Amino acid sequence: MKVLVAVKRVIDYNVKVRVKPDNTGVDLANVKMAMNPFCEIAVEEAVRLKEKGVASEIVVVSIGPKACQEQIRTALALGADRGIHIETDEEVQSLEAAKLLKSVVEKEEPKLVILGKQSIDSDNNQTGQMLAALTGMGQGTFASEMVVEGDKVNVTREVDGGLMTVALNLPAVVTTDLRLNEPRYASLPNIMKAKKKPLDSMTPADLGVELAPRLSTLKVEAPASRQAGVKVADVAELVDKLKNEAKVI
Amino acid sequence: MSILVIAEHDNSELKQATLNVLAAAKAIGGDIDVLVAGENCGAVGEAAAKAEGVSKVLVADNAVYGHFLGENLGELVAEVGKGYSHILAAAGTIGKDFMPRVAALLGVAQVSDIMRVESEDTFVRPIYAGNAIATVKSTDSIKVITVRPTAFDPVAGEGGSATVETLDIVKDAGLSQFVNEELAKSDRPDLASAGIVVSGGRGMQNGENFKMLEQVADLMGAAVGASRAAVDAGFVPNDMQVGQTGKIVAPQLYIAVGISGAIQHLAGMSDSKVIVAINKDEEAPIFQVADYGLVADLFEAIPELQRAL
């Protein structure tokens, strides 16, 4: 079966985020970018499905500026077969991303779509669910385990109270949580091979989707910083402070 | 304006998060209705009717909503919600699951995880794991919003007298089935709403050592949490994780034990009123946010703390 994986280019996980002095956003100039960590987990899961003989082809799609092709190449180096780049320099919000992915789903007809549960920049946690709704598919969000059986996929989800397993009819959308797997690193030969794998580029207009942002960001600020407090010498002093100064116990 | 708040519950009890979301609804202003969707959830409907500021409670009681499957809830809420200006739910794993479906079915954006209401169309929310705070304005006619419960003081859970109506709408999308669940059973308070939280990190070394924290927590009536490192290492289950991708907590007192203070952990607890850090590494970033820091070996400090309590 064919698996579609969506990946997003975001600020690297290890980079310290700085708000621009004019409060218009986060400073991304000359900042290291990478594949969103939840998307890496999505790619890894697809590759494992292929290694198990469950998936026959992995198509990876990314939306954004030209540079997103780096993240598509990374996914190809990790084991995806083919890439689709939907190129735009405009801001793409979750609903538009879901509409673009819907048109890719209609063309490619995958049995399974795997996405990260959220991106570490906008932290919206929406696109997978929106795509599932628009395409009329079931969704297994925040997956920590997934097993494909016949025409169903069983997804164990990380929920507030613990774990919950649902069975979804295929085709279905799965969004990954942290403990689904530990992504591998791409080997040098595979990075070289990835350069020769097919990568199609298209625009939102090619897919008949108009980008119309519905949310406007008025300002972005640094969070109120917490002042470091005092060091206490021992447990006795700590308990005394909590009882008599902070009055919380 | 008219606001529909989707109740969070477990079919028998209304979760406190609903009262926090009602506070966000109150800040937006307008008539507030509550939708209780579940199975055999009549008691939840009655509890919601007593909450402050609620005009009407709508109860959709059917087996198809029993496990809060996002596909079914999404269709129900999109249908009931289309007559409202705002649809609000708590940003827990249930709300995060079905609300984007509601937004997509209505063809509108969702504003996720708001922590403040600026006006009826402008909201404040964290981005980049809380390293930046964005003010966003929505131009949609229906605003679909998930609310960070800890950012809003709850409205009163008693004293209201809303009318209760039964909704006879059954939406079975037929896309998903509940298989099973493994829910943690604990006599301790719920992590997300506890007044005191004691959390352990990688420094705990193994799951067995978390018993020490549990003993301390029980003496204080506290909940027990963990850092992502401790969960990833398999010391404790995922439902204990505090942090950006786990639970967001804001108790009166947060005690971080053997937690270094990775940014994604801080994003989940830095709104706590008083933070205590116990760590043997003096340079640990957790000390930069702690009101009281104790540089000590936790295996000596925790038993001592237990005796002192």
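Since the model is a prediction, treat every value here as computed from it, not as a measurement. (Residues numbered from 1 in each chain as written. Chains lettered and ligands numbered in written order. Predicted model: local features only at pLDDT ≥ 70, side-chain atom pairs only at ≥ 80, totals over all residues. Heavy atoms only, no water.)

### Concerning the overall build of chain B
- The helix and strand tally for chain B stands at eight helices and 16 strands.
- Out of the 309 residues in chain B, the part that is buried amounts to 60%.
- Partitioning the intrachain contacts of chain B with sequence separation of at least 6 by distance along the chain shows that 64% fall at a separation of at least 24.
- Of note, chain B has its 22 positive side-chain charges centred 3 Å away from the centre of its 40 negative side-chain charges. (Helix = DSSP H or I, 4+ residues; strand = E, 2+ residues; numbered from the N terminus. Buried < 20%, exposed > 50% of the residue type's maximum accessible area, 1.4 Å probe, protein only. Contact = heavy atoms within 4.5 Å. Lys, Arg positive; Asp, Glu negative; His and termini not counted. Charge placed at Lys NZ, Arg CZ, Asp CG, Glu CD.)

### Quick notes on the UniProt feature "domain: Electron transfer flavoprotein alpha/beta-subunit N-terminal" (unreviewed entry) in chain A
- UniProt records the feature "domain: Electron transfer flavoprotein alpha/beta-subunit N-terminal" (unreviewed entry) for residues 23-211 of chain A in the present numbering.
- Helix makes up 30% of residues 23-211 of chain A and strand 31%, whereas the separation of the span's terminal C-alpha atoms amounts to 24 Å. (UniProt positions renumbered as here; feature names shortened; annotations may be inferred.)

### Things to note about the packing of aromatic side chains
- Per the counting criterion, the structure on display carries zero aromatic pairs over all chains.
- One residue, A:Lys231, lies across the ring of B:Phe287, its end atom 4.7 Å from the ring centre. (Phe/Tyr/Trp six-rings, centres within 6.5 Å; stacked < 30°, edge-to-face > 60°. Lys NZ or Arg CZ within 6 Å of the ring centre and 35° of its normal.)

### Details of the interface of chain B and chain A
- Taken together, the contacts link 85 residues of chain B with 74 residues of chain A.
- Across the interface of chain B and chain A, roughly 6500 Å² is buried in total on both sides, 54% from carbon and sulfur atoms.
- It is B:Thr93, B:Tyr128 and B:Tyr292 in chain B that bury the most area against chain A; as a group they hold 12% of the surface buried on that side.
- Taken together, the links from chain B to chain A amount to four salt bridges.
- Notably, a salt bridge pairs B:Asp291 with A:Arg226, separated by 2.8 Å at the nearest N-O pair.
- Run the count over chain B and chain A and you get 49 residue pairs in polar contact (both at pLDDT 80 or more).
- Within the side of chain B that touches chain A, the residues separate by chemical class into 39 nonpolar, 27 polar and 19 charged.
- Pairing of strand S13 (residues 230-232) of chain A with strand S16 (residues 292-295) of chain B involves three bridges; the strand directions are parallel. (Buried area = accessible area lost by both parts, 1.4 Å probe. Salt bridge = Lys/Arg side-chain N within 4 Å of Asp/Glu carboxyl O. Polar contact = N/O pair within 3.5 Å; in protein donor to acceptor, adjacent residues only side chain to side chain. Nonpolar A, V, L, I, M, F, W, Y, C, P; charged D, E, K, R; others polar. Pairing = 2+ DSSP bridges.)

### Let's talk about helix H2 (residues 42-49) of chain B
Residue and element names in this part refer to chain B.
- Along H2, the residues that are buried comprise Val 44, Gly 45, Ala 48 and Ala 49. Seen from one end, H2 has its buried residues packed into an arc of 140°, which puts them on one side.
- Against strand S2 (31-38), strand S3 (56-61) and strand S10 (163-166) lie the buried residues of H2. (Arc of directions from axis to C-beta.)

### What about the UniProt feature "domain: Electron transfer flavoprotein alpha/beta-subunit N-terminal" (unreviewed entry) in chain B?
- As annotated by UniProt and renumbered to match this structure, "domain: Electron transfer flavoprotein alpha/beta-subunit N-terminal" (unreviewed entry) occupies residues 3-182 of chain B.
- Spanning residues 3-182 of chain B, this segment combines 26% helix with 34% strand, and its end C-alpha atoms are found 34 Å apart.

### A short note on a negative patch on the surface
- A cluster of acidic residues, A:Asp234, B:Asp297, B:Glu300 and B:Glu304, forms a negative patch on the protein surface.
- When its relative accessible area of 56% is taken as the criterion, B:Glu300 is described as exposed. (Patch = residues over 30% accessible without salt bridge, like charges linked within 9 Å, V, L, I, M, F, W, Y side chains within 5 Å. Areas by Shrake-Rupley, 256 points an atom, 1.4 Å probe, with all protein chains shown as cover.)

### Some remarks on the confidence of the model for chain B
- Considering every residue of chain B, the mean pLDDT works out to 96; 100% of them sit at 70 or more.
- Here the predicted complex carries an ipTM of 0.95, next to a pTM of 0.94. (pLDDT = per-residue confidence, 0-100.)

### Structural notes on helix H3 (residues 94-108) of chain A
- The end-to-end C-alpha distance of H3(A) is 20 Å, a good match for the 21 Å that 15 residues give at a rise of 1.5 Å each.
- H3(A) sits mainly inside the fold: eleven of its 15 residues count as buried.
- Within the sequence span of H3(A), burial applies to A:Ser94, A:Leu95, A:Glu96, A:Ala97, A:Ala98, A:Leu100, A:Leu101, A:Ser103, A:Val104, A:Val105 and A:Glu108.
- Those residues of H3(A) that are buried are in contact with strand S1 (2-7), strand S4 (57-64), strand S5 (82-87), strand S6 (112-116) and helix H4 (127-135) of chain A together with helix H4 (93-106) of chain B.
- Phi for A:Glu109, located one or two positions after H3(A), is positive at around 50°. (Expected span 1.5 Å × (residues − 1).)

### Focus: the nonpolar core
- Ranked by internal contacts, the top residues of the largest apolar core, which has 52 residues, are A:Ile86 and B:Leu35.
- For this core, the element with the most residues is H3(A), which contributes seven residues.
- Look past the residues within four positions of B:Leu35 in its chain and what remains in contact with it is B:Leu4, B:Val5, B:Ile6, B:Ala7, B:Leu58, B:Ala60, B:Leu76, B:Val77 and B:Leu167.
- With 46 residues, the next largest nonpolar core counts A:Val17, A:Val31, A:Leu215 and B:Ala134 among its residues. (Core = buried A, V, L, I, M, F, W, Y, C linked by side-chain atoms within 4.5 Å.)

### Comments concerning the sheet that holds strand S14 (residues 253-257) of chain B
- The strand order S13(A)-S16(B)-S15(B)-S14(B)-S12(B)-S13(B) describes an open sheet built from six strands, whose pairing is parallel. The strands lining the two open edges of the sheet, one partner per strand, are S13 of chain A together with strand S13 (223-226) of chain B. This sheet shows a mean twist of 20° between the axes of neighbouring strands, independent of strand direction.
- With four bridges connecting them, strand S12 (residues 196-200) of chain B and S13(B) associate as parallel partners. Looking across to S13(B), one finds that B:Ser199 is bridged to B:Gly225.
- Across the sheet, helix H6 (residues 235-245) of chain A touches S13 of chain A together with S14, strand S15 (274-279) and S16 of chain B, and the angle it forms with S16(B) is around 170°. (Axes fitted to C-alpha atoms, helices over the stretch in contact; angles between N-to-C directions.)

### A few points about the sheet that holds strand S8 (residues 152-159) of chain A
- Spatially, ten strands are ordered S11(A)-S5(A)-S4(A)-S1(A)-S6(A)-S10(A)-S7(A)-S8(A)-S9(A)-S11(B) in an open sheet, and the strand pairing comes out mixed. What marks the edges here is a single partner per strand, and that holds for strand S11 (199-202) of chain A together with strand S11 (176-183) of chain B. The average angle at which neighbouring strand axes cross in this sheet is 30°, direction not considered.
- Seen against the sheet, helix H1 (residues 37-51) of chain A touches S1, S4, S6, strand S7 (138-149) and strand S10 (172-176) of chain A and runs at an angle of roughly 150° to S6(A).

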